[in-house]
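Listed below, chain by chain, are the residues.
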Amino acid sequence: MDIVTDRMQTQTLGYPRIGRDRELKRALESTWAGKLQPSKLLEVFDGVVEDGWIAQRDAGVDAIAVGGESLYDHVLDWTIRFGLIPDRFRGLAGLDRTFAMARGLPGVPALEMTKWFDTNYHYLVPEVDADAVPVADFGDYLALIERAYAVLGARAVPVVLGPFTFLRLSHLAAPLGAMLDRLLPLYRELLAALARLGVTEVQMHEPALVLSGVAAFRDDVERAYAGLADAGVRLNLVTYFDDLGEAYPWVVDLPVDVISLDFTRGETLPLIETHGWPAGKVLAAGVVDGRSIWRVRPDTVGAVLRRLRALPAFQPAGRLRLSTSSSLQHVPHSAARETALPEALRNVLAFADEKLAELEMLAGGDVARANAAWATFEAFAPADGVVRERVAALTPTDFQRVLPYEERRPLQVVLPLLPMTTIGSFPQTREVRQLRARHTRGEITSAEYEAGIDALTAYAIGVQDGLGLDMLVHGEFERTDMVEFFAQKLTGFAFTQHGWVQSFGSRCVRPPIIYADIARPTPMTVREFAVAQSFTEKPVKGMLTGPVTIINWSYPRTDIPRHEIAYQLGLALRDEIADLEAAGAKAVQVDEPALREGLPLKRERWDAYLAWATGAFRLATGKALPETQVHTHMCYSEFGEILEAIDGLDADVISIENARSDDVTLGELAAYGYPREVGPGVYDIHSPVVPTAAFVEEKLRSFLRHLAPERIWVNPDCGLKTRAWAEVLPSLQAMVTAVVRLRTELDGGDAR
């Protein structure tokens, strides 16, 4: 159906910022390696930024978000612009300081990194001391906005991270309201400077307003925006990732000119219809999903726009804009480049550039093309009746281990006190990448490729055995990515060639697309496990990625409930565990780093999500033999508030990120009385800094203040694929040295 409307104005909230061919990633890594001058890095950055601006201008967008671009992380940028530099970095300046805050230096730990709301993007958490005095440093930002105006003219709309969200996402040693009062003069100074540049409208990004509990900060938010209302520019208050919920009535009454709301998540339209819309304000309706790679569904978006246009508040038409629901940094650049995908699938995909076209299409009222594409796709991807029947036949016993932990633990592998392991991956060196590329190009046979992988595996096993680790891993040299690898071996997934998105800094991922029902035709990891186990007498872990992480780090179908997809994945992984056990595996690790990430932003929706998310993990592991030790790993996740669900996973061993969070999660687990074994990370693998044995020993002693030694495992924070062997070997040696010292001291060298 067509949408009958005069053309509406359009806006964006951000654009992919790594470059169409990951130019910025490569430039960053070359700079860190000393192969590229910082001036050249900045040239690459400028080129990527301008390409994004021009793409949006040429697509016809009326109001183009500028200033959200970043060399590493936009939250880090604002931390520096406000002068909130922790003391340990104050001897540095410029890019040296920026990268030290992001990556750390010897003896100078980096800022903590965690997930940006419920996305797979990671931001660096500001540290704000109680006596911190913000100092304005807006030179880089104002220069960026001047450049944007030179390219785009009045279409350029600067993006500013709002004061409430900045502080809500920070580690604050003082009350938020007190810090807000110190920050507001800087915000007023910035807005005045933008006004002097000729800026007429500014996007104030405040996604934290959609979080639960925001009512406790109502006075602070109202005071903040009252103080900014007369700064000389129109304010566009931008929220995304959910609806405003109970905060809706007072947030829409804030003294701003435009409010941008997400119509792709939550219940925004019913809130407007129930509570009304304030007279005189413009609504920017985020109907084009900035986080999904699927085209708009014409029936759905058409109904939303007709209901909005029927409301008196949006007459005349100028009071309603069309917008992306969030920044487009969460999707790849262009689906048009994915020529290897089936046409029926490609035609229902919308990456960033296609979403710009969708904005223009919707603004003009033409959705006929999308109708035809969806009809063709539905014939291309029919339901798999066998898979769906298997899910429908599940019973409660499918979701639980045969024996409780206290009874199964004595049957499991016997290891020394403070057993040492790693999380899974070892360095993905140039040799590894070239081997994989040669196989992909057909330059070597599958047998030659496997022989090469086996040689790398043998080396990794030898390293671990030689160092004295207790439970080994095969190194994952055959895996490009912990999700993509499994997706390639399952039905229902499609893969892009150029579909890269930023996870953090220079780290990019290429999420697979879940376009149909999922099944496991053949074993996925058994061959590599068996090869690795043949090289050692020590136990080797089978390594799997959990169902929730596969979903959250893919682009799933939006018309199939997530819990159904999760259970399909859980069944596939359950079959894989059975095959690993048959091949001799005594331990299996099912990683779920994205479990916390997928938690809804509204607390009232937590229980429903956690029920199916933990259920999917238990479905995958519930039929494991009592003798099989089930591990899981979670990194860069704050799950102190969901410890009951973490406990409900019923994993025998959980390893956690710990190096940047200063034992916070470990303390929460101990306070909760977590009854099983824990492997807190002893050093930060995302930093190039090699820890000393003394550093690791100090970490281990801090662990002993929380947990009995019998419940502690020793491991790095995360997998080691992004590090070089020259960093990995001394780091693991330091870990072993520290453990040996403590074992002697604890008289725990004997096997348990």
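Residues numbered from 1 in each chain as written. Predicted model: local features only at pLDDT ≥ 70, side-chain atom pairs only at ≥ 80, totals over all residues. Heavy atoms only, no water.

Caption draft 1: Spotlight on the overall build of the chain. Helices and strands together make up the secondary structure of the chain, namely 27 helices and 21 strands. Rg of the C-alpha trace for the chain: 26 Å, near the compact-globule value of 27 Å for 752 residues, within the 12% margin. Projected onto its principal axes, the C-alpha positions of the chain cover 75 × 60 × 50 Å. Burial statistics for the chain: of 752 residues in total, 62% are counted as buried. Expressed as a percentage of contacts within the chain between residues at least 6 apart in sequence, the contacts between residues at least 24 apart total 79%. (Helix = DSSP H or I, 4+ residues; strand = E, 2+ residues; numbered from the N terminus. Rg over C-alpha atoms; globule rule 2.2 N^0.38 Å. Buried < 20%, exposed > 50% of the residue type's maximum accessible area, 1.4 Å probe, protein only. Contact = heavy atoms within 4.5 Å.)

Caption draft 2: Layout of the pattern of salt bridges. Counted according to the given criterion, the structure contains 56 salt bridges. Close ionic contact of aspartate 289 with arginine 265 constitutes a salt bridge, the shortest N to O distance being 2.9 Å. Taken together, the positions of aspartate 289 in the loop between strand S11 (282-288) and helix H11 (298-309) and arginine 265 in the loop between strand S10 (258-262) and helix H10 (268-275) put the pair 24 residues apart, joining distant regions of the chain. The exposure class of aspartate 289 is buried, given its relative accessible area of 14%. (Salt bridge = Lys/Arg side-chain N within 4 Å of Asp/Glu carboxyl O.)

Caption draft 3: View of the sheet that holds strand S21 (residues 677-680). Spatial ordering of the open sheet is given by S17-S18-S19-S20-S21, a layout of five strands whose pairing is parallel. Each edge of the sheet is formed by a strand with only one pairing partner; in this case those strands are strand S17 (541-545) and S21. Along the sheet, successive strands turn relative to each other by an average axial angle of 20°, direction set aside. (Pairing = 2+ DSSP bridges. Axes fitted to C-alpha atoms, helices over the stretch in contact; angles between N-to-C directions.)

Caption draft 4: Region of the structure containing the side chain of threonine 496. Mapped onto the fold, threonine 496 is located in the loop between strand S13 (493-494) and strand S14 (501-504). Separated by 3.1 Å, the side chain of threonine 496 and the backbone nitrogen of glycine 499 make a polar contact. What threonine 496 contacts, discounting residues up to four positions off in sequence, is Glu338, Phe351, Arg510 and Ile513. (Polar contact = N/O pair within 3.5 Å; in protein donor to acceptor, adjacent residues only side chain to side chain.)

Caption draft 5: Examining helix H27 (residues 725-746) more closely. Look at H27: 31 Å from first C-alpha to last across 22 residues, which is about the 32 Å you get at 1.5 Å a residue. Taken together, the buried positions of H27 are occupied by Trp725, Glu727, Val728, Ser731, Leu732, Ala734, Met735, Val736, Ala738, Val739, Leu742 and Arg743. Looking at the buried side of H27, the elements it contacts are helix H18 (446-467) and helix H26 (693-704). (Expected span 1.5 Å × (residues − 1).)

Caption draft 6: Quick look at the environment of alanine 357. Tracing the chain through its elements places alanine 357 in helix H13 (residues 352-364). Under the relative-accessibility criterion, alanine 357 is labelled partly exposed at 44%. Between the alpha carbons of alanine 357 and glutamate 604 there is a distance of 36 Å; along the sequence they are 247 residues apart.

Caption draft 7: The packing of helix H17 (residues 430-440) against H18, seen in detail. Close contact between H17 and H18 brings their axes to 10 Å; oriented N to C, the two are set at 165°. One finds that H17 runs roughly antiparallel with respect to H18. Once H17 is placed against H18, the crossing between them reads as left-handed. The residues of H18 that touch H17, namely those facing Glu431, Val432, Leu435, Arg436 and His439, are Ser446, Tyr449, Gly452, Ile453 and Leu456. Broken down by class, the residue content of the contact of H17 with H18 amounts to five nonpolar, three polar and two charged. (Parallel < 35°, antiparallel > 145°, perpendicular 65-115°, else oblique. Left-handed = near helix turned anticlockwise from the far one by under 90°. Nonpolar A, V, L, I, M, F, W, Y, C, P; charged D, E, K, R; others polar.)

Caption draft 8: Geometry of the pairing of strand S20 (residues 653-656). Residue alternation in S20 divides its side chains into two sets, Val653 and Ser655 and Ile654 and Ile656, and both sets are buried. Relative to S20, strand S19 (residues 629-634) runs parallel, the two sharing four bridges. Looking across to S20, one finds that methionine 634 is bridged to isoleucine 656. The sheet contact formed by S20 and S21 spans four bridges and is parallel. Of the residues in S21, the one forming a bridge with valine 653 is glutamate 677.

Caption draft 9: Quick peek at the packing of helix H7 (residues 176-196) against helix H8 (residues 218-228). One way to put it is that H7 packs onto H8 with a least axis distance of 10 Å and a crossing angle of 20°. Relative to H8, the element H7 is oriented roughly parallel. In this structure, H7 meets H8 at a crossing whose hand is right-handed. Listed contacts from H8 to Leu176, Gly177, Leu180, Asp181, Leu184, Tyr187, Arg188 and Leu191 of H7 are Asp220, Arg223, Ala224, Gly227 and Leu228.

Caption draft 10: Spatial organisation of the sheet that holds strand S1 (residues 9-11). Taken in spatial order, the eight strands line up as S1-S12-S11-S10-S9-S8-S6-S2 in an open sheet, and their pairing is parallel. Looking along the sheet, the strands with just one partner apiece sit at the ends: S1 and strand S2 (64-66). Across this sheet, the average inter-strand angle for adjacent strands is 30°, counted without regard to direction. Examined bridge by bridge, S10 and S11 share five bridges and lie parallel to one another. Residue pairing in the sheet places aspartate 262 in a bridge with glycine 286 of S11. On top of the sheet, helix H5 (residues 139-152) reaches S2 and strand S6 (156-161); it is set at about 155° to S6, its chief contact.

Caption draft 11: Region of interest: the side chain of histidine 330. Note that histidine 330 resides in the loop between strand S12 (320-324) and helix H12 (343-346). Dropping the residues within four chain positions of it, histidine 330 is found in contact with Trp116, Thr119, Tyr121, Phe241, Gly290, Arg291, Val501 and Tyr555.

Caption draft 12: Up close: the packing of aromatic side chains. Summed over the entire model, instances satisfying the criterion amount to 23 aromatic pairs. Between phenylalanine 82 and tyrosine 187, the aromatic rings sit 5.0 Å apart at their centres with planes inclined by 40°, giving tilted as the arrangement. You can see phenylalanine 82 sitting in the loop between helix H3 (74-81) and helix H4 (94-103) and its partner tyrosine 187 sitting in helix H7, a full 105 residues away along the chain. As far as the burial class goes, phenylalanine 82 and tyrosine 187 line up, both buried. (Phe/Tyr/Trp six-rings, centres within 6.5 Å; stacked < 30°, edge-to-face > 60°.)

Caption draft 13: A look at unusual backbone geometry. Positioned with a positive phi, glutamate 476 is a non-glycine residue whose angle comes to about 60°. Tracing the backbone through its elements, the reader meets glutamate 476 in the loop between H18 and helix H19 (484-487). Glutamate 476 sits in the buried class, given a relative accessible area of 11%.

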